[in-house]
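One letter stands for each residue in the lines below.
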Amino acid sequence: MSKTYSSAEHAYREVKERILSGALPGGELISEGEIAAALGTSRTPVREAFLRLETEGWMRLYPKRGALVVPIPPDEAAHVAHARHVVETAAVRTLAATGPGTVAASLRASLDRQRALAAGRDLDAFAVEDTDFHRTYVAAAGNPLLTDFYDSLRERQRRMNSIALRRGPLDIDRIVDQHARLAELVVGGDVDGFATALVDHLAGVHQLELRGL
């Protein structure tokens, strides 16, 4: 791997991480020079990173002005929530039929990590763990097509989680309690109870009115 490619990859990962974590909020205009100075690199790898992020839809470039961090579209949060509800409920329905297997232990471990992160108010790490928690039972259902689709939503989920946690006021401990309830319903095979609890959870965290679920 060349030094130029390595620098460009580093710049790409750093800037994308800042977008997903909410450190670079939607609507903010940034320059190559700002990021290059922050990363201690030249503008060339930053320019390459910006072009890649524009291709992925995270940025919009304006010559001689800078790069705009693309805000989350108004309806995207609701669309992602609806898609998640469909996939997660389908996964829990499968687990109810086949048995939870080892997912109970995995969910308990995730809840332990969430409680530790909540106690330390590590919002960025909590947002990642939140996303991983939900993916745990989706993957456990054993449908690779649904898991791949769910993974395609992962970065959008994480950005939504980060924004929700930073928006404030938001009771992180309550989110953990809701996750504990969801885990209980997953392990118990209560599909209808899970579907209802998931709507309440998503609507509350992301301040959405979810109709038709």
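Residues numbered from 1 in each chain as written. Predicted model: local features only at pLDDT ≥ 70, side-chain atom pairs only at ≥ 80, totals over all residues. Heavy atoms only, no water.

**Student:** I tried to follow the domain arrangement of the protein on my own but got confused; where do I start?
**Tutor:** The extent of an interface is frequently quoted as the accessible surface area lost upon association of the parts. Each domain of the protein was delimited in the assignment, giving domain 1 (7–69) and domain 2 (75–206). Relative to domain 2, the C-alpha centre of domain 1 lies at a distance of 29 Å. At the interface, 9 residues of domain 1 touch 6 residues of domain 2. Summed over both partners, the interface of domain 1 with domain 2 buries about 750 Å², with 47% contributed by carbon and sulfur atoms. (Domains from an automatic or database assignment. Contact = heavy atoms within 4.5 Å. Buried area = accessible area lost by both parts, 1.4 Å probe.)

**Student:** Would you mind showing me how to read the packing of aromatic side chains here?
**Tutor:** Where two aromatic rings form a pair, the distance of their centres and the angle of their planes describe that pair. With the rule as written, the count across this model stands at 2 aromatic pairs. Consider the rings of Phe-133 and Tyr-137, whose centres lie 5.9 Å apart with planes at 85°: the pair is edge-to-face. With Phe-133 and Tyr-137 both in helix α6 (residues 123–140), this residue pair falls 4 residues apart, about one helical turn. Both rings, one in Tyr-137 and one in Phe-194, keep their centres 5.4 Å apart while their planes meet at 85°; by these two values the pair is edge-to-face. On the criterion of sequence distance, the pair formed by Tyr-137 in helix α6 and Phe-194 in helix α10 (residues 191–206) is long-range, its members being 57 residues apart. The class of Tyr-137 is buried, set by a relative accessible area of 0%. Site record: aromatic cluster; members linked through ring pairs are Phe-133, Tyr-137 and Phe-194. (Phe/Tyr/Trp six-rings, centres within 6.5 Å; stacked < 30°, edge-to-face > 60°. Helix = DSSP H or I, 4+ residues; strand = E, 2+ residues; numbered from the N terminus. Buried < 20%, exposed > 50% of the residue type's maximum accessible area, 1.4 Å probe, protein only.)

**Student:** Could you clarify how one ought to interpret the nonpolar core in this entry?
**Tutor:** The nonpolar side chains of soluble globular proteins are, as a tendency, buried together. Counting 35 residues, the largest nonpolar core has Leu-107, Phe-126, Phe-133, Tyr-137, Val-186 and Phe-194 as the members making the most contacts within it. For this core, the secondary-structure elements that each account for two or more residues are α4 (76–98), α5 (103–120), α6, α8 (154–167), α9 (172–188) and α10. In terms of residues, this core owes the most to one element, α10, which gives 8 residues. Each residue touching Tyr-137, except ones within four places of it in the same chain, is listed here: Glu-88, Ala-91, Val-92, Leu-95, Val-103, Leu-107, Val-186 and Phe-194. Within the second largest apolar cluster, 18 residues are counted, among which are Ala-11, Ile-30, Trp-58 and Val-69. (Core = buried A, V, L, I, M, F, W, Y, C linked by side-chain atoms within 4.5 Å.)

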